[in-house]
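Working through the structure, step by step
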Amino acid sequence: MNAVPTRELRIDLGERSYDIRIGCGLLDAPESWSGLPRAAQALIVSNTTVAPLYAQRLHTALARHHERVLQVALHDGEAHKDWATLNLIFDALLENECDRRTVLYALGGGVVGDMAGFAAACYMRGVPFVQVPTTLLAQVDSSVGGKTAINHPRGKNMIGAFYQPRRVICDLDVLDTLPQRELSAGLAEVIKYGPIADPAFLDWIEANLDALRALDKAALSHAVRRSCEIKAAVVAADERESDLRAILNFGHTFGHAIEAGLGYGEWLHGEAVGCGMVMASELSARLGLVPAEFPARMRRLVERAGLPVRAPALPEEQWLALMRLDKKALSGEIRFVLIDGLGKAVQRGAPEGLVREVIRACSA
Ligand code: NAD
Ligand code: GLY
């Protein structure tokens, strides 16, 4: 019995357009999988945590559509978002003589989704793939829009491709098994959409944060849908991030530095983004782009979401060096996504002195 009605959104990218379905019980619903590319073989890419929970159910559903449904369970965690782990997917495909029609199903959070998507982009120069995101973060962000990647020790998501999935299935029921810390990490990406695009959504999140943290399905359905709507519009306008799409990186310049500086996996991606949004809000205020009280509003919300708001005490020079490696940096100039009036984000540089002030003001 569905707790909430299933919602469907279209991501409009011409011949690469696809649907995002959001609802309860979708993993077992035959219509979730109908109309996808027909192929004899399918490979479920998951990890050692998610596979025992959900792979068998997905396998049963997919067995109606594919003659042979294979599985590979990757090591769990951001620390394994690397070449060696990616190769396990290619090993599974080649050992099983999978042809170029084989469909990959990414069953997991953003790490699995980004790696399975990158493997799909590369295997035989491209096979179809479907996103089945199982974390809140993946449902509101990483499964949508076609960014796929692995990390390099010198920088996050540095090796990858833009490659769109054929469908995204967001089953809200799978969030029931998500640890609280991971749910909070996902809330960071939900919060992100308010300041960059929709002040009314920011108000809604503030009012409904407790319901979201209690896994209220109606609240989750709205949060996932509104987040995906905003992301779909941005991606449709600028799929390959020539400019506008960078606004989805609010909080990420500081956040990626935290992740790389501490070593991947020490802070969760969403935790780093939450703290990074507080820092970027502080920088926006110091540049006079938002009222002085805005950073405190963001800090309160991020803290209420169960996320850290004090950055780790990395050496200042390390912060700057790591941020210069960010993909938005141009000719060595660090570029930030800043809030330029609530609901509007801009990508720009900032005087180094101000950036240093923010690092000092926001660090432990
Ligand atoms: P994750 O994939 O590591 O998942 C978090 C943890 O939750 C893992 O231990 C996982 O095994 C576990 N898990 C997943 N689903 C579960 C479930 N339903 N029940 C119990 N446990 C479950 O982390 P994430 O936060 O989902 O994703 C972070 C990654 O996403 C980062 O690598 C980040 O770079 C990437 N990302 C990509 C994009 C993009 O546009 N492609 C956007 C944002 C983030
Ligand atoms: N998560 C940022 C993007 O998809 O562009």
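The coordinates are above.
Parameters and conventions
- Residues numbered from 1 in each chain as written.
- Chains lettered and ligands numbered in written order.
- Predicted model: local features only at pLDDT ≥ 70, side-chain atom pairs only at ≥ 80, totals over all residues.
- Heavy atoms only, no water.
- Helix = DSSP H or I, 4+ residues; strand = E, 2+ residues; numbered from the N terminus.
- Buried < 20%, exposed > 50% of the residue type's maximum accessible area, 1.4 Å probe, protein only.
- Contact = heavy atoms within 4.5 Å.
- Salt bridge = Lys/Arg side-chain N within 4 Å of Asp/Glu carboxyl O.
- Phe/Tyr/Trp six-rings, centres within 6.5 Å; stacked < 30°, edge-to-face > 60°.
- Lys NZ or Arg CZ within 6 Å of the ring centre and 35° of its normal.
- Near = heavy atom within 4 Å.
- Polar contact = N/O pair within 3.5 Å; in protein donor to acceptor, adjacent residues only side chain to side chain.
- Nonpolar A, V, L, I, M, F, W, Y, C, P; charged D, E, K, R; others polar.
- Areas by Shrake-Rupley, 256 points an atom, 1.4 Å probe, with all protein chains shown as cover.
- Core = buried A, V, L, I, M, F, W, Y, C linked by side-chain atoms within 4.5 Å.

The next point concerns the side chain of His66. Note on placement: His66 falls in the loop between helix H1 (51–62) and strand S4 (68–74). Of the residues examined, His66 reaches a relative accessible area of 4% and is grouped as buried. What His66 contacts, discounting residues up to four positions off in sequence, is Pro37, Ala39, Ala40, Gln41, Ala42, Val103 and Tyr105.

Okay, the pattern of salt bridges next. One pass over the structure, following the stated rule, counts 29 salt bridges. Between Asp203 and Arg297 there is a salt bridge, with the nearest N and O atoms lying 2.8 Å from each other. Of this pair, Asp203 sits in helix H6 (residues 199–213) while Arg297 sits in helix H10 (residues 294–304), placing them 94 residues apart in sequence. Judged by its relative accessible area of 45%, Asp203 is partly exposed.

Counted under the stated rule, the structure contains six aromatic pairs. A ring pair is formed by Phe129 and Tyr163, whose centres lie 6.0 Å apart and whose planes are at 15°; its orientation type is stacked. On the criterion of sequence distance, the pair formed by Phe129 in strand S6 (residues 129–133) and Tyr163 in the loop between strand S8 (155–162) and strand S9 (167–171) is long-range, its members being 34 residues apart. By relative accessible area, Phe129 is classed as buried at 1%. An angle of 15° between the planes, with centres 5.9 Å apart, marks the rings of Phe201 and Trp204 as stacked. Taken as a pair, Phe201 and Trp204 lie in helix H6 at a separation of three residues, close to a single helical turn. Connected via pairs of aromatic rings, a cluster forms that spans Phe254, Trp319 and Phe336. Sitting above the plane of the Tyr193 ring, Lys192 keeps its charged end 5.0 Å from the centroid.

Attention now moves to the site of ligand 2. In the vicinity of ligand 2, the contacting residues are Asp141, Lys147, Lys231, Glu241, Arg245 and Leu248. A distance of 2.8 Å separates an oxygen atom of ligand 2 from a polar atom in the side chain of Lys147. Measuring from an oxygen atom of ligand 2, one finds a side-chain N or O atom of Lys231 at 2.6 Å. Counted by class, the shell around ligand 2 contains one nonpolar, no polar and five charged residues.

This part covers the site of ligand 1. The local shell around ligand 1 holds 28 residues, among which Glu78, Thr134, Thr135, Lys156 and Thr177 are the closest. Asp114 has a polar side-chain atom sitting 2.9 Å from a nitrogen atom of ligand 1. Thr135 has a polar side-chain atom sitting 2.6 Å from an oxygen atom of ligand 1. When the free accessible area of ligand 1 is taken as 860 Å², the share hidden by the protein chains comes to 91%. When contributions to the shell around ligand 1 are tallied by element, the ones reaching two or more residues are H1, helix H3 (110–122), helix H4 (136–142), S8 and helix H5 (180–197). Its residues assigned to classes, the shell around ligand 1 shows eight nonpolar, 10 polar and 10 charged.

Attention now moves to the environment of Arg167. Along the polypeptide, Arg167 turns up in strand S9. Looking at Arg167, the relative accessible area reads 8%, which means it is buried. Each residue touching Arg167, except ones within four places of it in the same chain, is listed here: Tyr18, Asp19, Arg21, Glu31, Ser32, Trp33, Ser34, Gly35, Leu36, Phe129, Val130 and Gln131. A distance of 2.6 Å separates the side chain of Arg167 from the backbone oxygen of Ser32, its partner in a polar contact.

By size, the foremost hydrophobic cluster in this structure holds 82 residues, and its most contacted members are Leu136 and Phe254. Apart from residues no more than four positions distant in its own chain, Phe254 is found in contact with Gly276, Met279, Ala280, Leu283, Trp319, Met323, Phe336, Val355, Val358 and Ile359. Judged by nonpolar contacts, the second largest core, of 24 residues, contains Val45, Val72, Val111 and Ala116.

Among the secondary structure elements, Gln139 is positioned in helix H4. According to the relative accessible area criterion, Gln139 is buried, its value standing at 0%.

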